[in-house]
Amino acid sequence: MAQQSLDFYSQPPKKTIKAEAKAETPPTALGEQEKKERKRRVFPPEAPENLPPSYFVSASYDGHQRKAVVKLYEPESGNIYFWYDNTGHKPYCLTNLSERELKKIERLMTHPGFDHFETTVKFNPLLDRKMQVTKIVASDPLAIGGKPQGTIRDIIPEDFPKTSPSMASAEEAKVWEARIKYYQCYIYDKQFLPGMIFEVKNGNLIPTILEQTEKIVEQMKTIFPEATPQELEYLTEWARLLEYPAPKFRRTAIDIEVYAPISTRVPDPREAAYPIICISMYTSDNQKKVMLLKREGVREGNEHLPADVKLEYYDTEEKLLKAVFEVLWEYPFIITFNGDDFDLRYLAHRALNLGMRRNEIPIEVGRRVCLLRYGVHIDLYKFFFNRSIQIYAFSNRYRDVTLDDVGNAIIGVEKIKLEKAFGDLTYTELAKYCLRDSEITFKLTSAEDELAMKLILVLARISSMPMEDVSRQGVSRWIRNFMHREHRKRNMLIPNPEDILAQKGKTTTTAIIKGKKYKGAIVVEPTPGVHFNVAVMDFPSLYPSIIKVWNLGYQSILCPHPECRSNIVPGTTHWVCTRERALESLLIGSLRDLRVRWYKLKAKDKALPAELRSWYKITQGALKVILNASYGVFGADSFDLYCPPVAEATAAIGRHSITQILGRAEQLGIQVLYGDTDSLFLKNPSKEQVEELVRWTEHELKMSIDMEKIYRYAVFSSRKKNYLGVLEDGTVDVKGLTGKKKHVPFFIKNAFNQMKERLARVKNPADFEAAKKDIASIVRERYTRLKRREWQNMDELAFHVVLGDDLHRYTKTTPQHVKAAKMLEESGVEIRAGDLISFVKTVREPHVKPVELATKNEVDVDKYIAYLHSTFDQVLDALGLSFDEIIGLTKLERFLG
DNA sequence: GCGGACTGCTTACCT
DNA sequence: ACAGGTAAGCAGTCCGCG
């Protein structure tokens with residue numbers, strides 16, 4: 001099926017070569033074009049009356065048919081089918097005005113998009129009571145909102161007092177739920193769950209029920225025997241979303257290369273002024289293909305590509321584009337790395353520049369995204385850029401969000417390093433380079449049992465979002481959307497942010513950091529030195545547990561009931577509702593329980609088949625991402641349910657919990673070496689002491705506490721968030737020390753890693769003496785090499801600092817990496833926010849130079865020695881070593897400086 | 001005019 | 001567009017100093 005359309009262009013290349021890319025479409029091609037047009041008219045394929053089980057992967061609004069449309073992925077055929085709403089669902093928003101009042105608003109009644117009113121009752125969680133609202137139904141989502149002016153959501157508050165001077169209602173006019181995207185509104189109302197399996201039966205979209213999976217879902221009752229019926233409802237709902245199986249994703253990665261005359265500048269995809277000379281693809285059905293544009297004077301190249309790589313030559317750019325467009329009409333999932341801002345955008349604009357018609361182009365170009373008219377486009381750059389994904393799903397394994405760095409870290413494949421400009425490459429060199437990029441992009445989605453694809457699927461299910469959206473947006477959108485879904489499911493009015501804030505916007509604690517809204521977590525002062533047998537205990541998912549146990553949420557904090565006012569959060573003046581459970585408390589609490597008591601265990605269960613275990617591993621990872629952010633969003637003013645007292649209360653209860661347990665540990669005679677937020681480091685505690693602490697915490701604080709790990713020994717300095725711990729198996733945990741930070745020059749990092757390896761081999765206090773000597777010689781060796789200027793190349797000495805902002809926005813100070821970046825810019829390199837700047841420290845003003853421009857003899861060796869000094873000091877003083885003594889500086893020399 | 005004490009800015013990290 | 005807390009280095013400012 002894929003081949004049929006592709007093979008048309010797989011003919012051997014014609015030998016006549018036209019270098020000019022803008023050649024007109026030859027008249028002979030018109031017949032073919034017409035044939036294609038006809039094919040396009042029945043395309044994309046509408047779902048048949050009956051469609052076998054298929055995955056709900058995306059939803060959008062079809063402006064022509066004025067209907068919601070769902071993209072269904074049928075994994076057997078590997079095709080996408082479109083299912084159009086057949087229920088007559090329409091866009092709407094809600095208002096407190098009555099139909100009678102609304103009818104007086106002229107601009108509303110004459111609005112072309114206005115359809116009709118419906119009066120209905122909703123539960124208002126802020127007021128804790130039911131209220132009558134009017135649904136204003138429209139024929140087009142743009143009539144409600146989404147345009148700068150003249151939309152229904154703006155008209156009502158603008159015109160109501162004017163058109164109704166009699167003030168029939170004393171309240172001000174309010175509009176709710178007018179900013180929800182239409183397709184999301186549709187998903188919530190229909191209770192369609194994206195990522196789940198559906199069938200089309202007699203034209204209707206019906207969820208597929210898998211008996212086997214439902215049996216597991218039913219088990220929740222026995223796994224959580226203490227859960228209330230209400231809690232069980234949430235546990236079951238989540239479990240169903242997380243237990244249903246994932247499909248194989250038929251997909252292809254794509255990468256394009258553009259011929260640009262100035263090699264330091266990335267060509268502007270909006271102009272698309274230069275020809276596309278190479279396109280590669282790497283597919284899940286194991287096809288590797290490179291399509292090249294024939295150009296004058298370009299050689300074939302001597303080396304050859306692997307036998308399974310298909311090379312195709314095109315004599316015009318149009319033919320090349322048409323060939324890649326066939327692929328975009330064909331594959332259900334298209335994977336790119338930065339396709340939103342480059343590859344797909346360039347392809348679309350280039351095609352328009354070459355005179356192709358819009359309906360021939362399978363790309364929908366948006367302001368910030370590029371979507372596909374047929375399949376689902378996943379831009380991995382956006383996905384891997386997501387901080388939560390970077391930190392929690394990939395444990396900070398990649399530092400720099402580039403294809404090279406991510407590829408290297410996740411799958412161990414690097415980009416091909418080019419020594420020549422694109423224009424000077426042979427066809428095979430270009431093909432190899434381009435194919436490597438597609439290969440990395442594809443493998444990023446296939447690594448670890450298709451982790452990335454499945455993660456996106458699970459997150460789509462949790463958040464009720466299309467796969468395209470969930471892969472591009474941040475964790476606060478994911479959380480917001482499942483909150484919205486649950487509001488709609490329970491007939492709750494979704495409050496406006498300004499109303500939450502007006503009632504519950506004040507915080508009562510003072511932050512330690514200037515400019516922050518409230519006080520955060522406690523860090524226990526560490527006890528400096530080397531300590532053997534250190535037990536690390538922690539509260540698993542502390543903040544989500546607090547949200548569950550203390551019933552926190554925007555509706556429960558500072559609730560309107562007088563009898564709840566005595567239920568005070570320790571350390572604050574806030575009270576919490578005792579009458580009704582908050583939605584957040586139930587949703588986040590049940591997710592936490594599922595992760596800790598089901599998915600984490602299943603992920604490690606060797607009795608399960610490997611495939612299933614891997615799915616559980618991915619699922620628990622997705623839950624971790626959500627849970628880790630579930631407290632922070634309440635303190636983020638960008639979050640739709642922003643409620644600072646909820647965040648403040650959560651942190652306050654966290655402080656209360658750790659302070660209580662600290663006191664209990666002291667009573668039990670346990671020495672606490674350190675602690676941070678939700679953890680305690682105990683020096684050589686007895687089994688009984690630990691058991692008592694666990695029992696007491698569960699009884700008194702109603703929270704679980706775990707023995708997370710035991711360090712054979714741990715090294716603390718007096719610095720908080722800075723330590724090193726060695727596990728029984730020799731693994732070394734390094735936290736916060738300079739030697740592990742990504743900006744540190746490799747020359748110093750390397751010495752630090754040598755020390756780490758040496759420390760891993762220390763088993764008992766006696767071993768330390770020999771280790772100390774070895775560590776001293778590691779330091780001494782680095783010191784003398786610096787003094788003698790013995791380093792391999794300048795890269796070893798480079799600091800690597802991310803440019804947080806565009807250069808001209810540094811107005812207050814000019815940090816070193818900014819100075820270096822400015823020098824680079826002057827040498828003609830394009831510099832943007834987010835770039836990693838590599839520089840070395842030099843003797844002469846301004847004491848920095850980009851590593852590319854620096855030479856050996858201008859390096860400020862003493863600065864590097866000072867850096868080596870401070871990096872090692874963090875560990876040395878705990879070991880009873882002194883940097884100065886190691887390098888043999890006498891006291892007098894030190895005194896003289 | 002210069003250096004030390006200080007504050008603020010910036011980045012990277014921890015939980 | 002998740003939060004606050006901590007470390008570190010450097011830039012910039014203020015003040016004293018005949």
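**Q** Talk me through the overall build of chain A; I want residue IDs and the actual numbers.
**A** Scanning chain A from terminus to terminus reveals 30 helices and 27 strands. The C-alpha radius of gyration of chain A comes to 31 Å, within 12% of the 29 Å expected for a compact globule of 897 residues. Reported as C-alpha extents along the three principal axes, the dimensions of chain A are approximately 90 × 85 × 60 Å. Within chain A, the fraction of its 897 residues that count as buried is 54%.

**Q** Please set out the sheet that holds strand β2 (residues 67-74) residue by residue, giving values where relevant.
**A** The sheet built from five strands is open, its strands ordered β3-β2-β1-β8-β9 with antiparallel pairing. Every interior strand has two partners, whereas the edge strands, β3 (79-84) and β9 (204-207), have only one. The average undirected angle you get between the axes of adjacent strands in this sheet is 45 degrees. Two strands pair when backbone bridges link them, and strand β8 (residues 197-201) and β9 are joined in this way by four bridges, in the antiparallel orientation. Residue pairing across strands places K201 opposite N204, the latter belonging to β9. Sitting on the sheet, helix α7 (residues 182-190) touches β1 (51-62), β2 and β3, and the angle it makes with β1 is about 140 degrees.

**Q** I'd love a proper account of the sheet that holds strand β12 (residues 288-293), names of residues and values included.
**A** Taken in spatial order, the six strands line up as β13-β12-β11-β10-β14-β17 in an open sheet, and their pairing is mixed. Of all strands in the sheet, those with a lone pairing partner are β13 (309-314) and β17 (376-379), marking the two edges. Strand-to-strand twist of the sheet, defined as the mean angle between neighbouring strand axes without regard to direction, takes the value 20 degrees. Note: strand β14 (residues 333-336) against β17, four bridges, orientation parallel. Pairing of I335 across the sheet is with I378, part of β17.

**Q** Give a description of the pairing of strand β23 (residues 723-727) that names residues and reports values.
**A** When you tally the buried positions in β23, you get five out of five residues, the bulk of the element. Residue alternation in β23 divides its side chains into two sets, Y723, G725 and L727 and L724 and V726, and both sets are buried. Where strand β22 (residues 706-716) lies against β23, five bridges are found, and the strand directions are antiparallel. In the strand pairing of β23, Y713 is matched with V726. Linking β22 back to β23 in an antiparallel pair, the connection comprises six residues, with K721 at a positive phi of about 55 degrees.

**Q** Explain the protein's contact with DNA strand B to me, using residue names and the numbers behind them.
**A** Near DNA strand B lie 22 residues; those nearest to it are R399, D678, G736, K742 and Y810. Put simply, the parts of the chain that give the surface near DNA strand B at least two residues each are β24 (732-735) and β25 (799-802).

**Q** With reference to specific residues and values, describe helix α21 (residues 583-603).
**A** Within an α-helix, residues lying three or four positions from one another point in the same direction, as the helix has 3.6 residues per turn. Between its first and last C-alpha atoms α21 spans 28 Å; for 21 residues at 1.5 Å apiece the expected length is 30 Å, and the two agree. Along its length, α21 shows its largest kink, about 40 degrees, at R595. The element α21 is largely enclosed, with a buried count of 18 among its 21 residues.

Here is what the cut-offs are and how they apply
Residues numbered from 1 in each chain as written. Chains lettered and ligands numbered in written order. Predicted model: local features only at pLDDT ≥ 70, side-chain atom pairs only at ≥ 80, totals over all residues. Heavy atoms only, no water. Helix = DSSP H or I, 4+ residues; strand = E, 2+ residues; numbered from the N terminus. Rg over C-alpha atoms; globule rule 2.2 N^0.38 Å. Buried < 20%, exposed > 50% of the residue type's maximum accessible area, 1.4 Å probe, protein only. Pairing = 2+ DSSP bridges. Axes fitted to C-alpha atoms, helices over the stretch in contact; angles between N-to-C directions. Contact = heavy atoms within 4.5 Å. Near = heavy atom within 4 Å. Expected span 1.5 Å × (residues − 1). Bend = angle between axes of the 7 residues up to and from the residue.

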